[in-house]
Amino acid sequence: VTSPCKILKCNSEFWAATSGSHHLGTEEAPEFCTALRAYAHCTRRTARTCRGDLAYHSAVHGIDDLMVQHNCSKDGPTSQPRLRTLPPGDSQERSDSPEICHYEKSFHKHSAAPNYTHCGLFGDPHLRTFTDTFQTCKVQGAWPLIDNNYLNVQVTNTPVLPGSTATATSKLTIIFKSFQECVDQKVYQAEMDELPAAFADGSKNGGDKHGANSLKITEKVSGQHIEIQAKYIGTTIVVRQVGRYLTFAVRMPEEVVNAVEDRDSQGLYLCLRGCPLNQQIDFQTVRSAQATEGRARRKGPSLPAPPEAFTYETATAKCREKLPVEDLYFQSCVFDLLTTGDVNFMLAAYYAFEDVKMLHSNKDKLHLYERTRDLAPGNAAPSGTFPTLWVALLCLSLCWLGLL
């Protein structure tokens, strides 16, 4: 399901037309105003479908502010000429940002190095929390991933196949809150087939404040991979589009993770507390069904078959091409291929693990493996228990025969 709101397209066109123009001289003002009017016209065209979209309202207010700042008339031409870029050496970057806008510098001054944590969401979807708990969840619709004093991250998950409970991330919204003299409030929004390399207002840094460059977007691969550095809170965010869907990964200091005024609201976001129990999928049980049935049956026998038929054996072989270690990322890959039939989910699991390698501070915790569960009626013995128990019973039997 693709959103009919096309505000991201408007933002991208405006940024492409005005790259570097915020620092141009007055002789360029008419061209900037022309591009700004085109931007306003684009937002008006999508007003009805974007009525409830946060990025749309942010863009509308941003246009009004820029109109006033540059003395632009609302009437006039609306073509979008590409304005000249900044000359070499005339960079937007500000090397004289105040120390408070660099988390690590201000932190080291007073105490030991900060402890960093990682959270990631990918695939069908699979969640790795800040505490290294790994879950597979349903979480259809809009859910908060992060919600603290500095930023909010919300994802929207939509069904991969009609009638299936298999979902994947189709939309992502990140709100960086205004912070002291460092950054203005900024909104980043991505959705299927729209991975912008700029914030919703067209900027690529934190705005007009003195430490604006402590928040910065970098495009790594056009339309596929962006990275956001928020140095003022020591945070790195990676967003990718793999196939039709999005993946999210973040590296954040524990101090920032736990910076929540209302402690009761901490439990509301997934990266900290994980998915609610009623939204979690029993990975072990479903995987056993996949191995015996040849494909996933997530919620009953009437689900439609995936477009490409993977058996457990072919899915395992395919995932092993990119993920040789049979950890939970590998198991997630197998699960997703059987559930969706979409080979791009293998790549999503692969890139999710690549992001863990880049972002996780503890290299001994890169791979996660399933914990054995307590035995319950009807459950099989946990992995590793059966051989030991069998040997003990065999010895006991031999001793009993010897006594006879």
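Residues numbered from 1 in each chain as written. Predicted model: local features only at pLDDT ≥ 70, side-chain atom pairs only at ≥ 80, totals over all residues. Heavy atoms only, no water.

All chains considered together, the criterion is met by nine aromatic pairs. Pairing Y150 with F179 gives two aromatic rings, centres 5.7 Å apart and planes at 65°, and the pair type is edge-to-face. Taken as a pair, Y150 in the loop between β4 (141–147) and β5 (151–159) and F179 in the loop between β6 (167–176) and β7 (186–191) lie far apart in primary sequence, 29 residues in all. Ring centres of F176 and F199 lie 6.0 Å apart, and the angle between their planes is 80°; this geometry places the pair in the edge-to-face category. (Phe/Tyr/Trp six-rings, centres within 6.5 Å; stacked < 30°, edge-to-face > 60°. Helix = DSSP H or I, 4+ residues; strand = E, 2+ residues; numbered from the N terminus.)

Attention shifts here to helix α8 (residues 312–322). Within α8, the full set of buried residues consists of A315, T316 and C319. Axial view of α8: buried residues confined to an arc of 100°, hence all on one face. For α8, the exposed residues lying more than 90 degrees away from the buried face are E313 and E321. If you follow the buried residues of α8, they end up packed against α9 (328–340) and α10 (344–359). (Buried < 20%, exposed > 50% of the residue type's maximum accessible area, 1.4 Å probe, protein only. Arc of directions from axis to C-beta. Contact = heavy atoms within 4.5 Å.)

Attention now goes to the nonpolar core. Within the largest apolar cluster, 45 residues are counted, with the highest numbers of intra-cluster contacts made by F130, L145, I146, I174, F176, Y232 and F248. Considering each element in turn, this core owes the most residues, four residues, to strand β11 (residues 245–253). With 24 residues, the next largest nonpolar core counts I7, C50, C72 and I175 among its residues. (Core = buried A, V, L, I, M, F, W, Y, C linked by side-chain atoms within 4.5 Å.)

What follows concerns the state of the cysteines. Two cysteines joined by a covalent bond between their sulfur atoms form a disulfide. Scanning the entire structure with this criterion turns up six disulfides. Paired by a disulfide, C33 and C72 hold their sulfur atoms 1.9 Å apart. Its S-S torsion of about -75° marks the bond between C33 and C72 as left-handed, since a negative value means left-handed. Taken together, the residues span a long stretch of sequence, with C33 in helix α2 (residues 29–45) and C72 in the loop between α3 (54–69) and α4 (103–108) at a distance of 39 residues. Judged by its relative accessible area of 7%, C33 falls in the buried class. Accessibility expressed as a relative area gives 11% for C72, which makes it buried. One disulfide in the model links C319 with C333; its S-S distance is 2.0 Å. The chirality of the disulfide connecting C319 with C333 is left-handed, given an S-S dihedral of about -90°. Placement of the pair is C319 in helix α8 and C333 in helix α9, with a sequence separation of 14 residues. An identical accessibility class is assigned to C319 and C333; each is buried. (Disulfide = S-S within 2.5 Å.)

This next bit is on the environment of T158. Summarising the element assignment, T158 is placed in strand β5. Look at T158 and you get buried, because its relative accessible area is 12%. With 20 residues separating them along the chain, T158 and K138 place their C-alpha atoms 9.6 Å apart. The residues contacting T158, other than those within four sequence positions of it, are A166, T167, A168, S170 and Y245.

Summarising burial for β11: eight of the nine residues are buried, a large majority. In this sheet, β11 lies alongside strand β10 (residues 235–242) in antiparallel orientation, the contact comprising seven bridges. Along β11, the bridge assignment pairs V242 with Y245. In this antiparallel pair of consecutive strands, β10 and β11, the connection spans two residues, and G243 shows a positive phi of 65°. (Pairing = 2+ DSSP bridges.)

On to empty space enclosed by the protein. All told, the structure shown has four cavities of 30 Å³ or more when counted by the stated rule. The calculated volume of the largest cavity comes to roughly 70 Å³. What lines the largest cavity is H118, G120, L121, F122, R128, T247, F248, A249, Y329, A352, D355 and V356. Among the secondary structure elements, those contributing two or more residues to the lining of the largest cavity are β1 (116–122), β11 and α10. For the lining of the largest cavity, the element with the highest residue contribution is β1, accounting for four residues. A breakdown of the residues in the lining of the largest cavity according to their chemical character gives seven nonpolar, three polar and two charged. Three or more residues apiece are contributed to the lining of the largest cavity by two domains, here domain 2 (100–275) and domain 3 (283–292 + 308–365). (1 Å grid on protein atoms, 1.4 Å probe; cavity = no way out; pocket = protein on both sides within 12 Å on 5 of 7 lines; lining within 4 Å. Points joined across faces, edges and corners; volume = space filled by probe spheres on them. Nonpolar A, V, L, I, M, F, W, Y, C, P; charged D, E, K, R; others polar. Domains from an automatic or database assignment.)

Looking now at the confidence of the model for the protein. Looking at the protein as a whole, the pLDDT averages 78, with 72% of positions reaching at least 70. Taken as a whole, residues 80–96 scores under 50 in pLDDT and shows 36 contacts with residues more than four places along the chain or in a different chain. With pLDDT under 50 throughout, residues 372–404 is counted as low confidence; its partners more than four residues away or in other chains account for nine contacts. (pLDDT = per-residue confidence, 0-100.)

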